[in-house]
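Okay, here's what each chain looks like letter by letter:
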Amino acid sequence: MRPPRADGALIATILLATLAGTGTASGQAAPVLCRHDITVLGAAATTLEIAVACDDGTLAGDLLPADPAAAAFITAQGVVDGRARFEVDLAAFATAAADYDRALRVGGSVLASPAAILPVPFDRRRAVELAITVTARDGAGIAIALPRGADGSYRLSARRIRDAGEWVFGKFTRLGIAQEGDMAVVILDGPLAESAANLQRWIADVAASNRRFWRRVPVVPAMTVILPVAGRDGIVFGRVMAAEGAVILLLLGEKARLPDLYEEWVLVHEFLHLGSPVMRDTGIWFNEGIATYFEPILRARAGWKTEEAVWREWLGHMTRGVPALTRSGLARTRQGYWGGALFLLLADVELRRRSAGRVGVEDCLAAALRAGGHIGVRWATRRMLDVCEGATGGLGVVDDLAARYLLQGGAFDLDALWRDLGVGVDADGSIRYEDAAPLAWVRRSIVWGGTGRAWAPIGTYRTP
Ligand SMILES: [Zn+2]
């Protein structure tokens, strides 16, 4: 961060003298509240003016971005009317960083991470709550997915600022999906072959299939940001970030067209993440396993994938998760996606078998979300296992599997599982079912849930 200008430094010194006696509350005090008033200058958001006042009298010199990447582009301008003032050269920072983790310009729009651009108290021992207002002086658009306080300001705890999703400023297309808790759909300013209305329809269909699975809107507020990528086709990359609100970022090839997007897995995978708490004490396997295992199931239920294609995918890929179970254990694996998916398949089969088809893994996940476990919160793995057991009748299924495969490897035979389920793949790639297999009745409920459940297709796309 640049040093304060000479005119501001004098005022800062005076303020320091005034507040010296009041700003030393102990670590047990209520959270410090810092008000950030941000003004966006330029229709394409070239500059941000930020005024900060913390109710414990935190000084201008004690305010720094959590991510120091933008420090060279932030000028401290001293203290005016009791508020520390900063100017962020967003145009220069976005050009220099050129990175959606920090700041990135896309035509007339800018993505910016609050961790990089917001000066916050750097004393991490204190709980600090941020109350943020953002206004545009020159007509720039503003899109931020954070909950609002009673005064309308966005709220974010400073210790979660690195988890928070990107903010969008400048010129972009904004649409909404009312039935998803007013989820915002933001399309950045770049070339795309597909119309905004069609992209919104696709995202709304994915969100609807996800809401049906979770039995509620998983998290509010939430926003999906489409970042066009010139010269590319399909989905280039997707991810989700969440503090108290969630942001799905999707890098979309400019040539992508609607039918192909319904055949893509990425957005369905990212939406699935919205419904689970972040569990990192044993690695990524649980969160990534949920998204990896249920993604093809959701698409089959929506009419975008056949049941045979789901089994073909699993018969081809589940083997990649076997070493996570048999050698390292899930907590130490580098194959958390398929290791986690395999754990969930085993749990699903065993829950349905022991409950005579009454419950499956999706019942335990829905219960965890009902208990407040969405992507905006962190849980220990143990808490999720306990909620799972409680929601599925205490059958001991997930506890037993975790004891066998979480901290160390255990015996497991994938070919025997496929044989018991009565599913195999022929040399020509076609799926063969054996209805005389001992768990054939369980197999039928894996993709479709409890026996006899009917799923209305979603949207108008149907897989060929
Ligand atoms: Zn994922």
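Residues numbered from 1 in each chain as written. Predicted model: local features only at pLDDT ≥ 70, side-chain atom pairs only at ≥ 80, totals over all residues. Heavy atoms only, no water.

Caption draft 1: View of the side chain of T292. With respect to the secondary-structure elements, T292 resides in helix α7 (residues 285-302). Residue classification places T292 among the buried residues on the basis of a relative accessible area of 8%. A distance of 2.7 Å separates the side chain of T292 from the backbone oxygen of E288, its partner in a polar contact. Discounting residues that sit within four places of it in the chain, T292 has contacts with H269, Y337, W338 and A341. (Helix = DSSP H or I, 4+ residues; strand = E, 2+ residues; numbered from the N terminus. Buried < 20%, exposed > 50% of the residue type's maximum accessible area, 1.4 Å probe, protein only. Polar contact = N/O pair within 3.5 Å; in protein donor to acceptor, adjacent residues only side chain to side chain. Contact = heavy atoms within 4.5 Å.)

Caption draft 2: Focus on the coordination of the zinc ion. Surrounding the zinc ion are the protein donor atoms H269 (NE2), H273 (NE2) and E288 (OE), at 2.1 Å. Sequence spacing among the residues donating to the zinc ion works out to H-x3-H-x14-E. Taken together, the residues span about one helical turn, with H269 and H273 both in helix α6 (residues 266-273) at a distance of four residues. In this structure H269 comes out as buried when scored by relative accessible area, which is 4%. Looking at H273, the relative accessible area reads 11%, which means it is buried. (Donors = N, O, S within 2.8 Å, 3.2 Å for Na, K, Ca; no water.)

Caption draft 3: View of the state of the cysteines. As enumerated under the stated definition, the model contains two disulfides in all. The partner cysteine of C34 in its disulfide is C54, sulfur to sulfur 2.0 Å. Between C34 and C54 the disulfide shows an S-S torsion of about 105 degrees. By sign, it is right-handed. Of the two residues, C34 is situated in strand β1 (residues 32-41) and C54 in strand β2 (residues 47-54); the sequence distance between them amounts to 20 residues. Exposure class is identical for C34 and C54. Each is buried. Once the bonded cysteines of the protein chain are numbered in order along the sequence, the disulfide links fall as 1-2, 3-4. (Disulfide = S-S within 2.5 Å.)

Caption draft 4: Highlighting the sheet that holds β2. The sheet built from six strands is open, its strands ordered β4-β5-β2-β1-β9-β11 with mixed pairing. The outermost strands of the open sheet, each flanked by one partner alone, are β4 (74-80) and β11 (154-157). Across the sheet, the mean angle from the axis of one strand to that of its neighbour is 25 degrees, orientation sign disregarded. As paired strands, strand β9 (residues 128-136) and β11 are joined by four bridges and run antiparallel to one another. Bridging across to β11, I132 finds its partner in Y154. (Pairing = 2+ DSSP bridges. Axes fitted to C-alpha atoms, helices over the stretch in contact; angles between N-to-C directions.)

Caption draft 5: Representation of the environment of R137 in the model. Mapped onto the secondary structure, R137 falls in the loop between β9 and β10 (141-143). For R137, a relative accessible area of 56% translates into the label exposed. As a C-alpha pair, R137 and G42 span 95 residues in sequence and 7.3 Å in three-dimensional space. In this view, R137 contacts T39, V40 and L41; residues no more than four positions away in its chain are not counted. Polar contacts involving the side chain of R137 include one to the side chain of D138, which spans 3.4 Å.

Caption draft 6: Just helix α12 (residues 381-391), in detail. Along α12, the positions that sit buried rather than exposed are T381, M384, L385, C388 and E389. Projected onto a plane normal to the axis of α12, the buried residues spread over an arc of 135 degrees and lie on a single side. Immediately beyond the C-terminal end of α12, within one or two residues, lies G393, with a positive phi of roughly 80 degrees. (Arc of directions from axis to C-beta.)

Caption draft 7: Structural detail: the packing of aromatic side chains. In the structure shown here, the tally under the stated rule is 15 aromatic pairs. With a centroid separation of 5.2 Å and 15 degrees between ring planes, the pair formed by Y262 and Y461 is classed as stacked. Here Y262 is found in helix α5 (residues 258-262), whereas its partner Y461 is found in the segment after α15 (440-448), with 199 residues between them in sequence. Both residues of the pair, Y262 and Y461, count as buried. Connected via pairs of aromatic rings, a cluster forms that spans F213, W214, Y293, F294, W311, W314 and W418. Sitting over the ring of W379, R383 keeps its end group 3.9 Å from the ring centre. (Phe/Tyr/Trp six-rings, centres within 6.5 Å; stacked < 30°, edge-to-face > 60°. Lys NZ or Arg CZ within 6 Å of the ring centre and 35° of its normal.)

By themselves, these are just geometric observations and shouldn't be taken as functional.
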